[in-house]
Amino acid sequence: MSKKEKNHIAPTPPRFLFRFFKWFCHPDLHTYIEGDLLELYQERVKQLGKSKADWRFAIDVLLLFRPSIIKPLQGYHRLNHYGMFKNYFKVGVRNILKYKTFSFINVLGLAVAMSVFMLIILMLADQKSYDQFHEKKDRIYRVLMKSTKGSNLRATTPFPLAESLKTEYGIIEEATYLRRGFGGDAVYDQNFVEMKGYFTTPAFFKIFSYELEKGDPYTALNEPNSLVVTSKIATQLFGNENPIGKTVDFTDRGINFGNDERKPPVDWGVYTVTGVLADNDYKSHIEFDVLVSSSSLALLSVDEKINDLSENWMHHNSTYTYVLLNNNAYEENLKAALDHLAPLKFGNIENLNGWKLSPQSLNKITPGPKVNNAPFITLPMFAYYFLIGLALVVMFTACLNYTNLSVARALTRAKEIGVRKVNGAHRKDLIFQFLSESMLTAFLSLILAVGLLFFIKSAFLNLWVNQYLNFDLDANIEVYFIFIALALLIGLIAGIFPAFRLSGYKPVKALKNMDGVATSRLGVRKVLTIVQFVISLVFIITSIVGFNQFQHFMQYEYGFDPHNVVNINLQSNDYELVKKTLNEIPGVTDIAGSAYLPGSGRNDGIMLKKYGAEETEIKEAIDLSIDESFINVLDIELLAGRNLSTQHASSNSLILVNEEMAKVFGYDNPADIVGQSFEGNNEIFQVAGLVENFTFSLLFLRQITRPVVLRNEPAKFNFANVKIASADKKEIVTQLEEKWKTVDPIHPLKYEFFEDKLANYHQGIFDLVTIIGFFAFLVISIACMGLLGMVIYTTERRTKEIGIRKVLGAESINLTYLLSKEFLLLLGISILIAAPLSYFINSFWLNFLVVRVEFGLSTILLGSVFLLLLGLLTISPQTFFVSRRNPADSLKDE
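Only a predicted model underlies this, so the values are computations on that prediction, with no experimental measurement involved. (Residues numbered from 1 in each chain as written. Predicted model: local features only at pLDDT ≥ 70, side-chain atom pairs only at ≥ 80, totals over all residues. Heavy atoms only, no water.)

**Q** Just to check I follow, could you spell out the overall build of the protein for this structure?
**A** Along the backbone of the protein there are 29 helices and 23 strands. Within the protein, the proportion of its 894 residues that are buried is 51%. For the protein, contacts bridging at least 24 residues in sequence account for 81% of all contacts bridging at least 6. Only carbon and sulfur atoms are counted for the fraction: they give 56% of the accessible area of the protein, which is about 42,500 Å². (Helix = DSSP H or I, 4+ residues; strand = E, 2+ residues; numbered from the N terminus. Buried < 20%, exposed > 50% of the residue type's maximum accessible area, 1.4 Å probe, protein only. Contact = heavy atoms within 4.5 Å. Areas by Shrake-Rupley, 256 points an atom, 1.4 Å probe, with all protein chains shown as cover.)

So this is what it looks like as structure tokens:
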């Protein structure tokens, strides 16, 4: 069969769902329903795409799983089919009501586990809702770049890529790009608005389905200096006036999304508004305030206001490429085209030789793999795998509870099973009976889980990290159907083991020797309990280690002092003017300028070698532009030599280096590097002084101390670092805002206290600790509920024994110990297993950190003691209550 023929084979629904439908569907109805199902599936594939059609098919199959369609079981006539299920339901309800304590434990445990899974489903549904408004979404692809030397993907590509794909490959219907670089102030009739966006081609609106409330999408980006703005920007600039045809003066400041840098203001001229986006509350991975016609680039490059990249295949950091495939083309065709094009264009470029291009479907961007340089922050798929893994642990613990308590009740139900079998019930009938009970329990849990989900969702939305992920977690009808399917699945998983075990009892043995029936299951119950508490202790210890690690980060000494330092974004204003103005405030003790800040995650690089050395001796260092006040403001110690000074600002030939720089270049005595000369960036630098090592990178990275070069280059300053002496931070900020208005009356003051900024970088770690702690709490709670159920069951079974022992003179404390020792032994075994396992797991992830907390026996002991206390608090009240009962009452009950 040819490849073309393969591509035109009609897609088929998931095989396991189709087999499930064939298994349960009545033979008389099977032919008719199957045909309708397949016909509806094919229509949905054409309209919605295969993945969405698969989901709809799953929902249809689950909805068909009902008494009127399910084939009759062996031994029952078709007319009795409904009555059989009705009987299962009645018996199931009676058993749930009869054993209220066990039922409550099972329902609550499964509800907690379900609510967590439901939250993750909402997260995935939220991410899947992005870009779904595009009519041609199944044919839209983003092009990614990947180096053969690493596995990281990049969202940006060379600028000419879109044009090459459109002109050289017939499978491409349309291609467009989004080029960063348009960011600054638009002015209309004394109204100033800061806006950021992309240069793009007229094909943008042919590929994407953004609607315009004003203007024509097919012509809006045809002419140079044309703008399509969002309705929010249009209202801010023009109020109630019609924006179409209005002109604005635009001043570029080089700002981009997520970028605090600035450039000196440059007048880019007059731009005409040709379109206004409809305010449809789009959920898209592309964020922008404005789209600018691509023909504007030629005019700007002629005036040398922007780089001409039209033939530049080397630069690949600022352009996103999107393509729309023809109706008869597939992702494999696009991949083949990209594999063909990449070596042709990159083969002669040294830095890109061996790089590859790969397609990414618009439907797989969110959620999707981690992609560098992406225009939108999204939670990568490995984070979902991590959360799903934790949720599976919680679900596993809840299902263990159900299984454990069901097996424990084997003694009670053995007689019932024996009677049913003697009266002609087949094993299949009993399996359905027990599964119907677990399904009923699961649906009761689903109702409770929906209520719990409200509180869990609120807590998740309040996490610090959500300000960047922008989850709203709204449910829809499809999500609710998935919830129902989840309840069915959980009911099946939780009940399958007890159903097969209990239904396998022999009638004679079940009726004559019920103790023997239970004894054979004693080992299973112990193992299940131990497994639960092993998982609980692992979570407890991991939560303690995670919290200690977060505390260690918060108390970490960086080698500089961030306290009482206010970092002010210059927003393209002159640094010297800002410094002079702010120095007039009495509470300000010193002000420094810097391009960016240490500990912020940014590390600009520079390649250096000793003056006159061979090219093979080049070393990489961090390059930071500062002024002479920087080391004083941050209290960085000068170990040798002298500081930079204003006299050297123009030539910036003098530099400061850290101890690590001296070590990397082979100086046994770090101070010997002072006075030495180095080459880099076609310049010659002389080391004026040596400073102590200080932490430059984020603490959770593998390398936090690297060679650092500090040089005075005022043109690169983006921040004024203001050292304050006043303890009243609110008052000093008020004064800073007042003074800032005299420098820049248009833009509001953008500031952040340095210590708060560093703390915020670790809030993500705290959120992770919070999530793990939350899961630990759920696992422990479920395990303790299961333990409580086992204790209640055991004490109820030993009521007569306790009464006899009390009559014979046994003390309450001895009876409490007698009832508790088996469970304390299980807890002890759990600790012996979980302690080394916890050590291995936590040592593994801690080894990925350079800055890490000490982890040893004390943490394991603390977690173990905590688990024992929880176990004792669970066991003791019930056992003590039973041991204190009047023996006459217990013997009378018996």
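**Q** Looking at this model, I keep getting lost on the side chain of arginine 154. Mind explaining?
**A** If you trace the backbone, arginine 154 turns up in strand E2 (residues 153–154). In this structure, arginine 154 is buried with no salt-bridge partner, the nearest side chain bearing the opposite charge being aspartate 604 at 13 Å. Engagement of the side chain of arginine 154 in a polar contact is seen with the side chain of asparagine 317, the distance being 2.5 Å. Those residues in contact with arginine 154 that sit more than four places away from it in its chain are Leu144, Met145, His316, Asn317, Trp355, Val371, Asn372 and Asn373. (Lys, Arg positive; Asp, Glu negative; His and termini not counted. Salt bridge = Lys/Arg side-chain N within 4 Å of Asp/Glu carboxyl O. Polar contact = N/O pair within 3.5 Å; in protein donor to acceptor, adjacent residues only side chain to side chain.)

**Q** Help me understand the packing of aromatic side chains, please; the structure alone is not making it clear to me.
**A** Centre-to-centre distance and the angle between the planes together describe a pair of aromatic rings. Counted according to the given criterion, the structure contains 35 aromatic pairs. Considering the side-chain rings of phenylalanine 454 and phenylalanine 455, the 5.5 Å spacing of their centres and the 80° angle between planes classify their relative orientation as edge-to-face. Like phenylalanine 454, the residue phenylalanine 455 is exposed in the burial classification. Ring-pair connections join several aromatic residues into one group, and the members of that group are Phe133, Phe204, Phe205, Phe208, Tyr210, Phe288 and Tyr322. Above the plane of the ring of phenylalanine 159 lies arginine 179, whose end atom (NZ or CZ) is 5.6 Å from the centre. (Phe/Tyr/Trp six-rings, centres within 6.5 Å; stacked < 30°, edge-to-face > 60°. Lys NZ or Arg CZ within 6 Å of the ring centre and 35° of its normal.)

**Q** Whenever I open this one, helix H11 (residues 331–346) confuses me. Can you help?
**A** Every α-helix carries 3.6 residues per turn, so stepping three or four residues along brings you back to the same face. Taking 1.5 Å of rise per residue, 16 residues should cover 22 Å, and H11 covers 22 Å from first to last C-alpha, within 8% of that figure. Buried residues of H11: Leu334, Ala337, Leu338, Leu341, Ala342 and Phe346, and no others. Angular distribution of buried residues about the axis of H11 spans 135°; they occupy a single face of the element. With respect to the buried face of H11, the exposed residues turned more than 90 degrees away are Pro343 and Leu344. If you follow the buried residues of H11, they end up packed against strand E1 (140–146), helix H7 (161–168), strand E3 (172–188), strand E10 (319–325) and strand E11 (356–361). (Expected span 1.5 Å × (residues − 1). Arc of directions from axis to C-beta.)

**Q** Looking at this structure, how should I read the sheet that holds strand E14 (residues 588–594)?
**A** In sheet architecture, strand pairing relies on hydrogen bonds along the backbone and comes in two forms, parallel and antiparallel. Read from one edge of the open sheet, four strands run E14-E22-E13-E23, paired in antiparallel fashion. Since the sheet does not close on itself, it has two edges, and those belong to E14 and strand E23 (751–753), each with one partner. When strand polarity is set aside, the average angle formed by the axes of neighbouring strands in this sheet is 25°. Inspection of the sheet shows strand E13 (residues 565–569) paired to E23 by three bridges, in the antiparallel sense. From the neighbouring strand, valine 566 faces E23, where its bridge partner is phenylalanine 753. Those strands touched by helix H20 (residues 575–582) are E13, E14 and strand E22 (719–724), and its axis lies near 170° from that of E14. (Pairing = 2+ DSSP bridges. Axes fitted to C-alpha atoms, helices over the stretch in contact; angles between N-to-C directions.)

**Q** So what exactly am I meant to see when it comes to the pattern of salt bridges here?
**A** Two side chains that carry opposite charge are able to pair once their charged atoms sit near each other. Per the counting criterion, the structure on display carries 22 salt bridges. Measuring nitrogen to oxygen at the nearest pair gives 2.6 Å for the salt bridge that ties arginine 44 to aspartate 60. Remark: aspartate 60 occurs in helix H4 (residues 50–64) and arginine 44 occurs in helix H3 (residues 27–48); sequence separation between them is 16 residues. Relative accessible area serves as the criterion here: at 17%, aspartate 60 is assigned to the buried category. The closest approach of N and O atoms between lysine 750 and glutamate 194, which form a salt bridge, is 3.7 Å. With lysine 750 in the loop between helix H23 (729–743) and E23 and glutamate 194 in strand E4 (residues 191–200), this pair connects stretches of sequence that are 556 residues apart. Among the charged side chains, a network of salt bridges with common partners joins Asp623, Glu683, Arg711, Glu713 and Lys716.

**Q** Is there a simple way to explain the nonpolar core in this structure?
**A** Nonpolar side chains tend toward joint burial in soluble globular proteins. Counting residues in hydrophobic clusters, the biggest one holds 111 residues, and the most contacted among them are Met114, Met123 and Phe775. Looking at this core element by element, the count peaks at 15 residues for helix H6 (residues 100–128). Each residue touching methionine 123, except ones within four places of it in the same chain, is listed here: Leu379, Tyr384, Leu387, Phe460, Phe471 and Leu473. Ranked by size, the runner-up nonpolar core spans 49 residues in total, among them Met145, Phe182, Leu237 and Phe238. (Core = buried A, V, L, I, M, F, W, Y, C linked by side-chain atoms within 4.5 Å.)

**Q** Is there a simple way to think about the packing of helix H2 (residues 15–24) against H4 in this case?
**A** Running from amino to carboxyl end, H2 crosses H4 at an angle of 15°, the nearest separation of the two axes being 10 Å. In terms of orientation, H2 lies roughly parallel with respect to H4. Pair H2 / H4 crosses with left-handed handedness. Listed contacts from H4 to Leu17, Phe18, Phe20, Phe21 and Phe24 of H2 are Asp54, Phe57, Ala58, Val61 and Leu64. Along the lines of polarity and charge, the residues of the contact of H2 with H4 split into nine nonpolar, no polar and one charged. (Parallel < 35°, antiparallel > 145°, perpendicular 65-115°, else oblique. Left-handed = near helix turned anticlockwise from the far one by under 90°. Nonpolar A, V, L, I, M, F, W, Y, C, P; charged D, E, K, R; others polar.)

**Q** What exactly am I supposed to notice about the environment of proline 369 here?
**A** Tracing the chain through its elements places proline 369 in the loop between E11 and strand E12 (371–372). Judged by its relative accessible area of 41%, proline 369 is partly exposed. A sequence separation of 11 residues divides proline 369 from proline 380, and the C-alpha atoms of the two residues are 5.2 Å apart. Residues within four places of proline 369 in sequence aside, it is in contact with Leu153, Gln360, Lys364, Pro380 and Met381.

**Q** Mind showing me how you'd approach the pairing of E22 here?
**A** Two faces, one strand: in a regular strand the side chains alternate between the faces of the sheet. The element E22 is extensively covered by neighbouring structure, given that six of its six residues are classed as buried. Going residue by residue along E22, you find Phe719, Asn721 and Lys723 tucked away on one face and Ala720, Val722 and Ile724 tucked away on the opposite face as well. Looking at chain direction, E13 and E22 are connected through five bridges and run antiparallel. Bridging across to E22, valine 566 finds its partner in valine 722.

**Q** I would appreciate a short explanation of a negative patch on the surface in the present structure.
**A** A cluster of like negative charges, contributed by Asp728, Glu731, Glu737 and Glu738, occupies part of the molecular surface. Checked against the element boundaries, glutamate 731 lands in helix H23. (Patch = residues over 30% accessible without salt bridge, like charges linked within 9 Å, V, L, I, M, F, W, Y side chains within 5 Å. Charge placed at Lys NZ, Arg CZ, Asp CG, Glu CD.)

**Q** I would appreciate a short explanation of the packing of H6 against helix H14 (residues 427–461) in the present structure.
**A** Axis angle and axis distance: for two packed helices, these are the angle between their axes and the distance between the axes, and together they describe the pair. Put simply, H6 and H14 touch, their axes get as near as 6 Å, and they point 50° apart. If you check the angle between H6 and H14, you find them oblique. Considering the relative orientation of H6 and H14, their crossing is right-handed.

**Q** Explain the pairing of E13 here, please?
**A** Buried residues dominate E13, accounting for five of its five residues. Burial of E13 is two-sided: the residues Val565, Asn567 and Asn569 facing one way and the residues Val566 and Ile568 facing the other way are all buried.

**Q** I tried to follow the environment of leucine 446 on my own but got confused; where do I start?
**A** By secondary structure assignment, the location of leucine 446 is in helix H14. Take leucine 446: its relative accessible area is 10%, and that puts it in the buried class. Taking C-alpha positions, leucine 446 is 10.0 Å from isoleucine 490, a pair spaced 44 residues apart along the chain. Among all residues touching leucine 446, those that are not within four sequence positions of it are Met114, Met118, Phe483, Ile484 and Ala487.

**Q** Explain H20 here, please?
**A** Of all the positions in H20, only Tyr575, Val578, Lys579, Thr581 and Leu582 are classed as buried. Viewed along the axis of H20, the buried residues span an arc of 165°, placing them on a single side of the element. Summarising the contacts, the buried residues of H20 are in contact with E13, E14, E22 and H23. N-capping of H20 is provided by aspartate 574, with a side-chain oxygen placed 3.4 Å from the backbone N of glutamate 576.

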